[in-house]
Amino acid sequence: MNPITLTTVAEPLIRQALAEDITNEDVSTAAIMPDARPAAVDLIAKADGVLCGLDVFERTFVILDPETRVQRFAADGDRVCAGQTLATVTGDVRVLLSGERVALNYLQRMSGIATYTHRVAALLEGSATQLVDTRKTTPNMRVFEKEAVRCGGGRNHRYNLSDGVLLKDNHIAAAGGVREAIEAARAHAPFVREIEVECETFAQVEEAIAAGADIIMLDNMNHDAMAAAIAFIDGRAKTECSGNIDAHNVQAIADLGIDFVSSGALTHSAPILDVSMKHLRMLDGNADSEAGAAGNNAPVTDIHRESGQ
């Protein structure tokens, strides 16, 4: 993940996730480990897939203790295999125990999306069509999920409602028609914004072209209807198709010559990639020093104070 994005956008969300998981203290860890002791634990892949989210995984532990170290044996975007050691985390054992679930939740979710995106993108290989995501993301997870799509070989559609103009069926109904919606958007939006309009019928496509739409989304049309619409558009606007597209049917539209295919399934239906933290071992003083692990640092329950919550 871009380091600036990680710090300004992702880190506050990670802190919220940690605060959700540790409302007062990690009772289990505090009971068995009241004082700081150095330890190490391995990150293991339990299934084959595409890895994504190591920066987020590491930042989760570093928020709890800046002295935590993560030695990586794989990188985001790598194909990994079940049983492969991906990283070793070294630091205060309390941090490793308390941060484990949140760190793994991010890594599993992001790697799952990257894996599924890679699978869908592979089905479009050889065509000029680009695979893009949608805004159908988990609340407060968009920055992570859209990063995972890129990592898996897809591209991002608009990030949010401020990022671009997309006139959908209800916008068109509210405005009174395709032409009226496009004209209103053209008058209001900054000149740097392209205007995309969703069309469900050939008549709407004709109206959108006449009104000067920059991008036309062919929504829930069958193959023949999309082929006819693309032939009519004939390069006068960029084309996108959408509507319940996933790994089971995306290959059927590869021959259309459409510019983009958007799939909400990339983020809302991807299963997680199973990864786990295993083989935790306590380290003596020398091992601690060599690994740069934490010493007597602030306890993990200070996450609320550190994050201002």
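Summarised in this report is the structure supplied together with it. Quick caveat, the model's predicted, so the values are computed rather than measured.

Overview of the pairing of strand β5 (residues 85-92)
For β5, a buried count of 7 out of 8 residues is recorded, marking the element as mostly surrounded by other parts of the structure. Where strand β1 (residues 38-45) and β5 come together, 7 bridges link them in antiparallel fashion. Opposite alanine 39, over in β5, you have glycine 91 as the bridge partner. The sheet contact formed by strand β3 (residues 69-72) and β5 spans 4 bridges and is antiparallel. Across the sheet, valine 70 pairs through a bridge with valine 89, a residue of β5.

Details of helix α9 (residues 223-233)
Because the α-helix completes a turn every 3.6 residues, residues three or four places apart line up on one side. Taken as a whole, α9 has its buried residues at Met226, Ala229, Ile230 and Ile233. For α9, the angular spread of buried residues about the axis comes to 100°, placing them on one side. Exposed and facing more than 90 degrees away from the buried side of α9 are Asp224 and Ala231. Elements in contact with the buried residues of α9: α8 (202-211), β9 (215-219) and β10 (238-242). Where α9 starts, the residue carrying a side-chain oxygen 3.2 Å from the main-chain nitrogen of aspartate 224 turns out to be asparagine 222.

Cut-offs used in this document
- Residues numbered from 1 in each chain as written.
- Predicted model: local features only at pLDDT ≥ 70, side-chain atom pairs only at ≥ 80, totals over all residues.
- Heavy atoms only, no water.
- Buried < 20%, exposed > 50% of the residue type's maximum accessible area, 1.4 Å probe, protein only.
- Helix = DSSP H or I, 4+ residues; strand = E, 2+ residues; numbered from the N terminus.
- Pairing = 2+ DSSP bridges.
- Arc of directions from axis to C-beta.
- Contact = heavy atoms within 4.5 Å.
- Polar contact = N/O pair within 3.5 Å; in protein donor to acceptor, adjacent residues only side chain to side chain.

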